[in-house]
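# Examining the three-dimensional arrangement
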Amino acid sequence: MSTSAFVFAAPSTDPIHIHGQSSSFTSTRLVQSSRCARLTRPATLMNAEGATASKNKDNKAQNKKGAGGGAGAGAAANQPAGAAANAIASRAQDYSQWYQDVITSAELADSSPVKGCMVIRPHGYAIWESIRDYLDAKLKKRGVQNAYFPLFIPQSFLSKEAEHVEGFAKECAVVTHHRLRIDPNSTTNQLQVDPDAKLEDPLVVRPTSETIIWNMFGKWIQSYRDLPLTINQWANVVRWEMRTRPFLRTTEFLWQEGHTAHATAKEAYDYAKDMLDVYMELCETHLAIPVVRGMKSPSERFAGAEETFTIE
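Read on for an overview of the structure. The structure displayed is predicted, hence computed values, not measured ones. (Residues numbered from 1 in each chain as written. Predicted model: local features only at pLDDT ≥ 70, side-chain atom pairs only at ≥ 80, totals over all residues. Heavy atoms only, no water.)

## A closer look at the overall build of the protein chain
A count of helical and extended segments in the protein chain gives 8 helices and 15 strands. Out of the 312 residues in the protein chain, the part that is buried amounts to 44%. When the accessible surface of the protein chain is split by element, carbon and sulfur atoms take 53% of a total near 16,600 Å². (Helix = DSSP H or I, 4+ residues; strand = E, 2+ residues; numbered from the N terminus. Buried < 20%, exposed > 50% of the residue type's maximum accessible area, 1.4 Å probe, protein only. Areas by Shrake-Rupley, 256 points an atom, 1.4 Å probe, with all protein chains shown as cover.)

## Considerations on the pairing of strand β12 (residues 229-238)
Most of β12 sits inside the fold, with 9 of its 10 residues counted as buried. Two strands pair when backbone bridges link them, and β12 and strand β13 (residues 252-262) are joined in this way by 10 bridges, in the antiparallel orientation. For L229, the partnering residue across the bridge sits in β13 and is A261. (Pairing = 2+ DSSP bridges.)

## Section: helix α8 (residues 265-286)
Taking 1.5 Å per residue as the helical rise, α8 with its 22 residues ought to reach 32 Å, and the 31 Å between its terminal C-alpha atoms agrees with that figure. For α8, the complete set of buried residues consists of A268, Y271, A272, M275, L276, V278, Y279, M280, L282 and C283. Where α8 ends, the next residue or the one after it, A288, has phi of about 60 degrees, a positive value. (Expected span 1.5 Å × (residues − 1).)

## With respect to helix α4 (residues 122-141)
With 20 residues, α4 extends 28 Å from end C-alpha to end C-alpha; this agrees with the ideal 28 Å at 1.5 Å per step. Listed in full, the buried residues belonging to α4 are G124, W128, I131, Y134, L135, D136, K138 and L139. Trailing α4 by a residue or two, G143 shows a phi angle of about 80 degrees, which is positive.

## Brief notes about the packing of α4 against α8
Direction vectors running N to C along α4 and α8 enclose 145 degrees, while the axes themselves pass 11 Å from each other. Crossing handedness for the pair α4 and α8: right-handed. For the pair α4 and α8, the contacting residues are S130, I131, Y134, L135, K138 and L139 in the first and M275, V278, Y279, E281, L282, T285 and H286 in the second. Here the residues of the contact of α4 with α8 are counted per class, giving 8 nonpolar, 3 polar and 2 charged. (Axes fitted to C-alpha atoms, helices over the stretch in contact; angles between N-to-C directions. Left-handed = near helix turned anticlockwise from the far one by under 90°. Contact = heavy atoms within 4.5 Å. Nonpolar A, V, L, I, M, F, W, Y, C, P; charged D, E, K, R; others polar.)

## Here's the deal with the pattern of salt bridges
Enumeration over the complete set of coordinates arrives at 10 salt bridges. Note that R132 and D133 form a salt bridge whose closest N and O atoms lie 3.4 Å from each other. Since its relative accessible area comes to 24%, R132 is described here as partly exposed. Under the relative-accessibility criterion, D133 is labelled partly exposed at 46%. For the salt bridge of D274 with R142, the shortest nitrogen-to-oxygen distance reads 2.7 Å. Remark: R142 occurs in the loop between α4 and β6 (145-146) and D274 occurs in helix α8; sequence separation between them is 132 residues. Judged by relative accessible area, which is 27%, D274 ranks as partly exposed. In this structure R142 comes out as partly exposed when scored by relative accessible area, which is 32%. (Salt bridge = Lys/Arg side-chain N within 4 Å of Asp/Glu carboxyl O.)

## Quick notes on the sheet that holds strand β7 (residues 152-154)
Read across the open sheet, the 3 strands follow the order β7-β11-β8; overall the sheet is antiparallel. What marks the edges here is a single partner per strand, and that holds for β7 and β8 (173-177). Within this sheet the neighbouring strands show an average axis-to-axis angle of 40 degrees, counted without direction.

## A look at the environment of Y99
The residue Y99 is located in helix α3 (residues 95-105) in this model. For Y99 and A89, which are 10 residues apart along the polypeptide, the C-alpha to C-alpha distance reads 8.5 Å. In this structure Y99 touches R245, P246, F247 and L248, once residues within four positions along its chain are discounted.

## Details of the nonpolar core
Side chains of a nonpolar character, in soluble globular proteins, are inclined to be buried together. By size, the foremost hydrophobic cluster in this structure holds 19 residues, and its most contacted members are L135, M275, Y279 and I311. In terms of residues, this core owes the most to one element, α8, which gives 8 residues. Of all hydrophobic cores here, the second largest spans 17 residues; its members include V165, V204, I212 and I231. (Core = buried A, V, L, I, M, F, W, Y, C linked by side-chain atoms within 4.5 Å.)

## Let's talk about the packing of aromatic side chains
The geometry of an aromatic ring pair is captured by two quantities: the separation of the ring centres and the angle between the planes. Here the structure, examined in full by the defined rule, presents 7 aromatic pairs. Aromatic pair W128 and W234: ring centres 5.7 Å apart, planes at 75 degrees, arrangement edge-to-face. Remark: W234 occurs in strand β12 and W128 occurs in helix α4; sequence separation between them is 106 residues. W128 gets classed as buried once you look at its relative accessible area, which sits at 4%. Relative to W220, the ring of F149 has its centre 6.2 Å away and its plane inclined at 40 degrees; by these criteria the two rings are tilted. Separated by 71 residues along the polypeptide, F149 in the loop between β6 and β7 and W220 in helix α7 (residues 210-220) bring together distant segments of the chain. (Phe/Tyr/Trp six-rings, centres within 6.5 Å; stacked < 30°, edge-to-face > 60°.)

In structure tokens:
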């Protein structure tokens, strides 16, 4: 798990300094910026069914082999129903399989018919609710207000933030048409994209909300009297991942992103560091995950940031 705080410089003609932070089901990252905030994500339950099927096949073979002798047959007969299917691999021998087995056995998540996505089952979602409720209470104590922004972001908005978006541009899902139709050449009523329904400005399915949130902040902030402005959003985001793993990396994941604007750079820095402490406390006291606090090297900084603070 890693958490990062990002600091962005506001233009010299702009007296507003921005902070942002975010967190996801599996990792947390804090953004301090003249711009944005964000937290990291859960990934997909990949190959769980295949792994279970293979494991069941091995177990059946083992049981069949044991049936040839009295001891083997007796041991198999005494196993409770489903014990073989729910067996958990040794963490020391196969860490990756152990991780998948724990998620499956605890019924935290399941594979999805949508490639790269997972279904978060009730036990898994209860963990997210616990994280959300804990963090939401901390945010509200600091005067942060929750809001919600559109899932779709005009591609033109992201084009204005090329440096910031560059890091995940290849992971963006894009909506280019707004309507389907029945294929006139199909005899089975197959659907196809209506070529006459192409969007003039394609819409990106939210990879992060900085651009659209700051578009709104530009309307809401008219003078220093409107500062500080502290807004948080609980939402889902989409990053088109090639390799996925449950609760570590998935195409769609749940997260929280906070965005704040301040009159001075010091206020923005102080707020970012305070939120980094909140995330550290969340990890260590609520999730029992020890973390190390530090600062990212220049090559590892969040795109466009002056500094990136992190807990890992």
